[in-house]
Amino acid sequence: MQRWRGLEDIPQDWGRSVVTIGSYDGVHRGHQLIIGRAVERARELGVQSVVVTFDPHPSEVVRPGSHPPLLAPHHRRAELMAELGVDAVLILPFTKEFSTLSPADFIVKVLVDKLHARAVIEGPNFRFGHKAAGNVAFLAELGATYDYEVEVIDLFVSGEAGGGEPFSSTLTRRLVSDGDVEGAAEILGRPHRVEGVVVRGAQRGRELGYPTANVETLPHTAIPADGVYAGWLTADGERMPAAISVGTNPQFDGTERTVEAYAIDRVGLDLYGLHVAVDFLAYVRGQEKFDSIDALLEAIAADVKRCRELTGMA
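Residues numbered from 1 in each chain as written. Predicted model: local features only at pLDDT ≥ 70, side-chain atom pairs only at ≥ 80, totals over all residues. Heavy atoms only, no water.

J.: Break down the overall build of the chain for me, with residues and values.
T.: Within the chain one finds 10 helices and 12 strands. Overall, the chain is about 75 × 40 × 35 Å in size when its C-alpha atoms are taken along their principal axes. The 314 residues of the chain split such that 47% are buried. About 14700 Å² of surface is accessible on the chain, with carbon and sulfur atoms providing 49% of the total. For the chain, the distance from the average site of its 31 positive side-chain charges to the average site of its 44 negative ones is 2 Å. (Helix = DSSP H or I, 4+ residues; strand = E, 2+ residues; numbered from the N terminus. Buried < 20%, exposed > 50% of the residue type's maximum accessible area, 1.4 Å probe, protein only. Areas by Shrake-Rupley, 256 points an atom, 1.4 Å probe, with all protein chains shown as cover. Lys, Arg positive; Asp, Glu negative; His and termini not counted. Charge placed at Lys NZ, Arg CZ, Asp CG, Glu CD.)

J.: Tell me about the nonpolar core, and please be specific about residues and values.
T.: Among the nonpolar cores identified, the biggest contains 29 residues, and Val-50 and Leu-115 are the most heavily contacted of them. Going through the elements one at a time, β2 (17-21), β3 (48-55), β4 (88-93), α5 (103-112), β5 (117-122) and α6 (136-146) are the ones with two or more residues in this core. The leading source of residues in this core is α5, at five residues. Counting 20 residues, the second-largest nonpolar core is a separate cluster that includes Val-181, Ala-242, Ala-263 and Val-276. (Core = buried A, V, L, I, M, F, W, Y, C linked by side-chain atoms within 4.5 Å.)

J.: Tell me what's going on with the sheet that holds strand β1 (residues 2-5), and back it up with residues and numbers.
T.: Strand order in the open sheet formed by six strands is β1-β4-β3-β2-β5-β6, and the pairing between neighbours is parallel. On the outer flanks of this sheet lie β1 and β6 (149-152), each paired with one strand and no other. Neighbour to neighbour, the strand axes of the sheet diverge by 20° on average, direction disregarded. In this sheet, β4 lies alongside β1 in parallel orientation, the contact comprising four bridges. Within the sheet, the bridge partner assigned to Arg-3 lies in β4 and is Val-89. On top of the sheet, helix α1 (residues 29-45) reaches β2, β3, β5 and β6; it is set at about 155° to β5, its chief contact. Across the sheet, helix α3 (residues 74-83) lies against β1, β3 and β4, angled at about 160° from β3, the strand it touches most. (Pairing = 2+ DSSP bridges. Axes fitted to C-alpha atoms, helices over the stretch in contact; angles between N-to-C directions. Contact = heavy atoms within 4.5 Å.)

J.: Could you give me a rundown of unusual backbone geometry, with the residues and numbers involved?
T.: Glycine aside, the phi torsion of most residues is negative, and most peptide linkages are trans. Omega for the bond connecting Asp-55 with Pro-56 falls within 30 degrees of zero, at 0°, which places this linkage in the cis form. The topology assignment puts Pro-56 in the loop between β3 and α2 (58-62). Even without a glycine there, the phi angle at His-116 is positive, about 50°. Tracing the backbone through its elements, the reader meets His-116 in the loop between α5 and β5. One non-glycine residue, Lys-131, lies in positive phi territory at about 55°. Examined against the element boundaries, Lys-131 turns out to sit in the loop between β5 and α6.

J.: Pulling in residues and values, what's your account of the pairing of β6?
T.: With four bridges connecting them, β5 and β6 associate as parallel partners. Considered in β6, the bridge of Ile-121 is made with Glu-151. Handedness of the β5-α6-β6 crossover: right-handed. (Right-handed = clockwise from strand over helix to strand, strands pointing away.)

J.: So what's going on with the domain arrangement of the chain? Residues and values would help.
T.: Buried accessible area, meaning the area lost when the parts come together, often serves as the stated size of an interface. Here the chain is described as being made up of domain 1 (2-155) and domain 2 (192-311). On the domain 2 side, the residues contacting the eight residues of domain 1 number nine residues. Carbon and sulfur atoms make up 54% of the surface buried where domain 1 meets domain 2, a total of about 650 Å² over both sides. Linking domain 1 with domain 2 are zero salt bridges. (Domains from an automatic or database assignment. Buried area = accessible area lost by both parts, 1.4 Å probe. Salt bridge = Lys/Arg side-chain N within 4 Å of Asp/Glu carboxyl O.)

Given below as structure tokens:
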């Protein structure tokens, strides 16, 4: 799959394509319907499929300080899109200047002049251009002029997550923030993932017999509520069952919020400096401060036992 950053990265000889545009944070099951249809339509027409997305999130430019927590960084979104069969991902730097493009100018500069759109696939609430003035009706109206078709896909899948609310990135962020990682996984179609580089911490886990990977998470990452979770730690391509702790470590009067993962039953791992992924399978318990170190050790042993069981059943 090709990855482009900015319109200038698009090959000069790029042909017709089927395009879909959106933030697609998390590439959840609703997003998958739209992207999957774009890939399918491209194959029907014998052309390439392109996903257009933005960096930073448009809200950060339009309303500074309002950047939402991210369910997946751009490289992860690209991986997930590649798995769906997408041919190319275009990340457009979202600047103040870019935000002032009228809907018509956006269509001409991006869809017509650069991507040579043959078809555009979107959800019913798609908005674009300055002050989000463009919608799917306007997109279709200009399609008659610029020789592309528009297909609208209903992305509103629903299930048990969020009490039956339609699946969305906003709902997923809320569930993650509440610690409902199982609900988030229902929407995403996979466990919620947090990534980052393993850095040196206070090394108390090592002293207690449970060495953890202290993950320095990427900016704006959506991190689950404080507590203990079962999940997996992936490093160097190896996926290991893990007991994961999120919080400030109140047992030792910590103040900095961290994500730490103990690779269950693994001895002698040296992960410092590696980029790792932590996948959250299930909530085990909340963050607590115990009366003694012995009580803490007893709780950790019970946590590890439960996490071993949960990951073994998954």
